[in-house]
Amino acid sequence: MSIITKKITKLENIALNPAKAVAESCKETGKEAVGCFPIYTPEEIVYAGGFLPVGMWGGKKEFKESEAYLQGFCCSIIKTNVELGIRGAYNHLKAVIIPALCDTLKCIVENWKIAVPQVPSVAIVYPQNRWAAGSQEYLIAEYKRVRSELEKITGVLITETAIEQAYELYEEYRAVMREFTEVAAKYPQTIDAKKRHLIIKAGYYMDKAVYKEDVKCIIEELKKMPEEKAKGVKVVATGLIGEPIEVLDIFVENGITVVADDLAQESRQFRTVGRPEGTIWEKMAGRILDQRGCTFLAEQKKSRGDMLINMVKNTGAEAVVVMMMKFCDPEEFDYPVYKAQLEKEGIPILYLEVDQQMESFEQLRTRIQSFAEML
Amino acid sequence: MSKTSKELLNELVAKHYEDAAQAKKDGKLVAWATSICPQELLEAMDITVVYPENHAAAIAARKHSQEFLDQSEGCGYSIDICSYARVNMGYKDIQYSEAANIPMPDMVFCCNNICTTVAKWYENLATELNIPFILIDTPFNHIYDAPAHNIEYMRNQIEHAIHQIEEICGRPYDYERLTEVMKISNETAYWWRRACFTAQAMPSPLSGFDMFNYMALVVCIRGKKEGRDLFKLWCEELEAKAAEGKGPWKEGEEEKYRVIWDGIACWANLSPTYKILKKYGINVVTSLYPDAWTILYETNDIEGMAKAYTYYHANRNVDYVAATKSQRVKDFNVDGVIFHSNRSCKLMDFTIYEQQRRITAETGVPTVVFDGDMTDPRIFSEAQYETRIQALVEMMEENKKKKAQEGK
Ligand code: SF4
Ligand code: SF4
């Protein structure tokens, strides 16, 4: 096996087996894990405490225990987290951090305390009025509160120096990821839609210091190869997550290549470059305050539509694929606005309503096929 | 003869919509605002404020919401999101309803103390109508008391909003008028709460569905003298009724059970929800709405104002909400609680089950949940509703018997 295949296979396996991967990462690094709910959490603070921040992006589980807390119209990703939490699947976590970024998450902050008392939780409330001067000060105070709460739970002192170091590592990781998405777009055969997703997702279950080296290696190896031609349609993906994985299988079958993404689980995590100046707290706050086009952080005027149009133009994509997580209010609110903007530009849209518990993919398969053929 | 509060209520509601239309014609600035926002800031600058949630409710109550829902769903709005938003986004395009009309806005003014959803909805309006977006972000209170940095942040935003308003109006802010509006708003809030609390009497002089009607007005008239005077009059009427021992309905119609209605009324299905309760002699004596517009603070106390707005119950943790409801059960001699699992409102829904458990544990009263929606008529099922209410009646009856036996 070539180096690149080895690395890709390693990351794919990690992304496909999160629980096992987290256990292994903990063993390798000697660290304990702290769970990080979607969408944003100050992972640097966790890392600085000597813990392993791990992503909690749902999964495929039957709902039983969670029915005592949540109705049927709750998004599957978060209901799964609660289900797994009650069943004890997260008992190894030192704590979880839950950002109150949407109405559902606010309720999860509350339910978690009662439903999963064995895993302590720390809530964070990001500012929405990011154009008011006080939002930075507020966010910094929130970060500091999260730090104190983590310290109380874990008994570990989290120094500013340690946070600075963690931030630097994370900035490096984020730069690597930005480069990866750019380079990967030129190798649509080696990095198909499914591989691209899994490689990015693997980062949630690994120590970023290790992970970034693996991705760097993939980038270097790719660069040595001649650029590849896309077999079929090139698209920009937008939405919460590029799952369920079966959908990506159908993309691959139909030669659909993701050349860029605006997925909350993927590029939204690393596309915003940190501010060069300021204290460590200001820099961390800056990354949230400067983030554009993300539905979980309000804007005076929505920039997502223009951003998607630019992404399409800059990457030579032919269409936008919307991966709409069912019952995700914020994503559902954005859609009509950018839909109209994309239509005005004559950019085709493939709208796929997905959730993590989906069983049958035949309908989606037909729609994806005919979309690929139409273009 | 002087007018009753009911007559005045209808007049004032009509006047609210007429005045807004006239103001637009006269070239005055119009704001669309969320239902529990610091409207004081707008009223003080003579900006005409209308409330899309209220408007959507009025449209739904007159059974006209479907047309607007169809319009917005046609534009890509999922049927899973808040139907107030869907009605309003439809209205933004159609701009006319037989039921009630509001003038198009020159700005949108949003306080997300009621939910995160409104911020998304108003962001859409600001973007598509290309108008200023004024946001007062009230961070969710997962801790019982709002920490100092939250209050500071909200204060800062209020100052920022004042600057935005000055810019939009093209004149310096009128702080004197703000003081006045704050005073009136607090007086209105006082009378609103006092009126709602007359329902503590046994029987209650107030029918809960009447409260819903008055609520429609307190949303839009809190900062106006006419509003304050109306709520004072209403309160006096109710207190007089209570003194005479009169119940919520006509003579001979007994208030058999007293319940809390949790959540928004089903405006699109108002009549069956009301009639079925009445059939069993159930009166809604309270909810957390009396508190929703009880925004009280010292005049000119900006931090106090910030705190009052951020403490809207849906912006507070389950400890607070469940404890407050349990307290209501005790203070209002409540026999049961009806939870509206509102397909539109995830924030209010996703802690209902936990609240049920806590309220029953704390007070012993039974609770039920039914599925509905405030403005989308397609969700509510009369059969399910009646079955749930019957179940509640049985449980309440059982409790009463038990109590009677214990009393012997
Ligand atoms: S509604 Fe969307 S953002 Fe909120 S928890 Fe669900 S998936 Fe996440
Ligand atoms: S019904 Fe719920 S989601 Fe809709 S505006 Fe009101 S509080 Fe927000």
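Rules and cut-offs
Residues numbered from 1 in each chain as written. Chains lettered and ligands numbered in written order. Predicted model: local features only at pLDDT ≥ 70, side-chain atom pairs only at ≥ 80, totals over all residues. Heavy atoms only, no water. pLDDT = per-residue confidence, 0-100. 1 Å grid on protein atoms, 1.4 Å probe; cavity = no way out; pocket = protein on both sides within 12 Å on 5 of 7 lines; lining within 4 Å. Points joined across faces, edges and corners; volume = space filled by probe spheres on them. Helix = DSSP H or I, 4+ residues; strand = E, 2+ residues; numbered from the N terminus. Nonpolar A, V, L, I, M, F, W, Y, C, P; charged D, E, K, R; others polar. Domains from an automatic or database assignment. Near = heavy atom within 4 Å. Buried < 20%, exposed > 50% of the residue type's maximum accessible area, 1.4 Å probe, protein only. Pairing = 2+ DSSP bridges. Right-handed = clockwise from strand over helix to strand, strands pointing away. Axes fitted to C-alpha atoms, helices over the stretch in contact; angles between N-to-C directions. Contact = heavy atoms within 4.5 Å. Buried area = accessible area lost by both parts, 1.4 Å probe. Salt bridge = Lys/Arg side-chain N within 4 Å of Asp/Glu carboxyl O. Polar contact = N/O pair within 3.5 Å; in protein donor to acceptor, adjacent residues only side chain to side chain.

On to the confidence of the model for chain B. In the predicted model, chain B carries a mean pLDDT of 96, and 100% of its residues have values of at least 70. The complex prediction reports pTM at 0.97, with the ipTM value standing at 0.97.

Right, let's talk about empty space enclosed by the protein for a bit. For the structure on display, the rule yields 13 cavities of 30 Å³ or more. Here the largest cavity defines a volume of roughly 340 Å³. Around the largest cavity sit 27 residues that line it, and Ser35(B), Glu53(B), Tyr84(B), Ile114(B) and Ile264(B) are the ones nearest its centre. For the lining of the largest cavity, the secondary-structure elements that each account for two or more residues are α3 (52-61), α6 (117-128), α9 (208-221) and α15 (346-349) of chain B. Residue composition of the lining of the largest cavity, by class: 20 nonpolar, four polar and three charged. The residues that make up the lining of the largest cavity include at least three from each of domain 1 (5-177) and domain 2 (246-406) of chain B. Taken together, 19 residues make up the lining of the second largest cavity; nearest its centre are Tyr40(A), Thr41(A), Arg174(A), Gln269(A) and Arg287(A). Only α3 (43-48), α7 (160-184) and α11 (280-289) of chain A provide two or more residues apiece to the lining of the second largest cavity.

Residues and elements named next belong to chain A. Here the largest pocket defines a volume of roughly 650 Å³. Around the largest pocket, the lining is made up of 26 residues, and of these Pro18, Gly58, Gly59, Lys60 and Lys201 lie nearest the centre. Elements represented by at least two residues in the lining of the largest pocket include exactly α1 (3-16), α2 (18-29), β2 (51-55), α8 (193-202) and α10 (245-253). Looking at the lining of the largest pocket, its residues break down into 16 nonpolar, five polar and five charged.

All names here are of chain B. What surrounds ligand 2 is the set Cys82, Tyr84, Ile114, Cys115, Thr117, Val118, Trp121, Ile264, Ser344, Cys345 and Met374. When its residues are assigned to classes, the shell around ligand 2 shows nine nonpolar, two polar and no charged. Looking at which domains feed residues into the shell around ligand 2, each of domain 1 (5-177) and domain 2 (246-406) gives three or more.

Glancing now at the pairing of strand β5 (residues 234-239) of chain A. Residue and element names in this part refer to chain A. Among the six residues that make up β5, five are buried, leaving the element largely enclosed by the rest of the structure. Pairing of β5 with strand β6 (residues 257-263), which is carried by six bridges, proceeds in the parallel orientation. Paired with Val235 across the bridge in β6 is Val258. Handedness of the β-α-β unit built from β5, α10 and β6 comes out right-handed. As paired strands, β5 and strand β7 (residues 319-325) are joined by five bridges and run parallel to one another. Note that in β7 the partner of Gly239 across the bridge is Met323.

Residue and element names in this part refer to chain A. On the basis of which strands lie adjacent, the open sheet formed by four strands has the order β2-β1-β3-β4 and parallel pairing. Here the strands that pair on one side only, and so sit at the sheet edges, are β2 and β4 (121-124). Going from strand to strand, the sheet's axes swing by 25° on average, the running direction of each strand aside.

All names here are of chain A. In the vicinity of ligand 1, the residues found are Cys75, Ile77, Ile78, Cys102, Thr104, Leu105, Leu240, Phe296, Phe327, Cys328 and Asp329. Counting only elements with at least two residues in the shell around ligand 1, the list comes to α4 (76-87) and α5 (103-115). Looking at the shell around ligand 1 residue by residue, the classes come out as nine nonpolar, one polar and one charged. Composition of the shell around ligand 1 by domain shows at least three residues from each of domain 2 (31-158) and domain 3 (232-375).

A word on the domain arrangement of chain B. Residues and elements named next belong to chain B. Partitioning chain B into structural domains gives domain 1 (5-177) and domain 2 (246-406). A C-alpha centroid distance of 26 Å is found between domain 1 and domain 2. In this complex, domain 1 contributes 41 residues to the contact, which on the side of domain 2 involves 32 residues. Contact with domain 2 buries surface across domain 1, with Ile36, Asn141 and Tyr144 losing the most and accounting together for 19% of the total. Our count for the contact surface shared by domain 1 and domain 2 stands at four salt bridges. If you look at where domain 1 meets domain 2, you find 24 residue pairs in polar contact (both at pLDDT 80 or more).

Residues and elements named next belong to chain A. Splitting chain A by domain gives domain 1 (1-18 + 167-229), domain 2 (31-158) and domain 3 (232-375). A C-alpha centroid distance of 24 Å is found between domain 2 and domain 3. Summed over both sides, the interface of domain 2 with domain 3 buries roughly 2900 Å², with 62% coming from carbon and sulfur. Where domain 2 meets domain 3, there are zero salt bridges. Secondary-structure elements contributing two or more residues to the side of domain 2 that touches domain 3 are α3, α4 and α6 (134-154). Here the element with the most residues in the side of domain 2 that touches domain 3 is α6; it accounts for seven residues. A breakdown of the residues in the side of domain 2 that touches domain 3 according to their chemical character gives 18 nonpolar, eight polar and six charged.

Here we come to the sheet that holds strand β6 (residues 282-286) of chain B. Residues and elements named next belong to chain B. Ordered by their spatial adjacency, four strands build an open sheet running β6-β5-β7-β8, and the pairing between neighbours is parallel. In this open sheet, the two strands that pair with only one neighbour each are β6 and β8 (367-372). The mean inter-strand angle of the sheet, taken between neighbouring strand axes irrespective of direction, is 35°. As paired strands, strand β5 (residues 257-262) and strand β7 (residues 336-342) are joined by four bridges and run parallel to one another. By the bridge assignment, Val259 is partnered in β7 with Gly336.

Turning to the interface of chain B and chain A, a few remarks are in order. At the junction of the two partners, chain B supplies 53 residues and chain A supplies 52 residues. Interface area lost by chain B to chain A is led by Lys120(B), His142(B) and Phe350(B), which between them contribute 16%. There are three salt bridges connecting chain B and chain A. A salt bridge links Lys326(A) to Asp80(B), with the nearest nitrogen and oxygen atoms 2.7 Å apart. At the surface where chain B touches chain A, the tally comes to 27 residue pairs in polar contact (both at pLDDT 80 or more).

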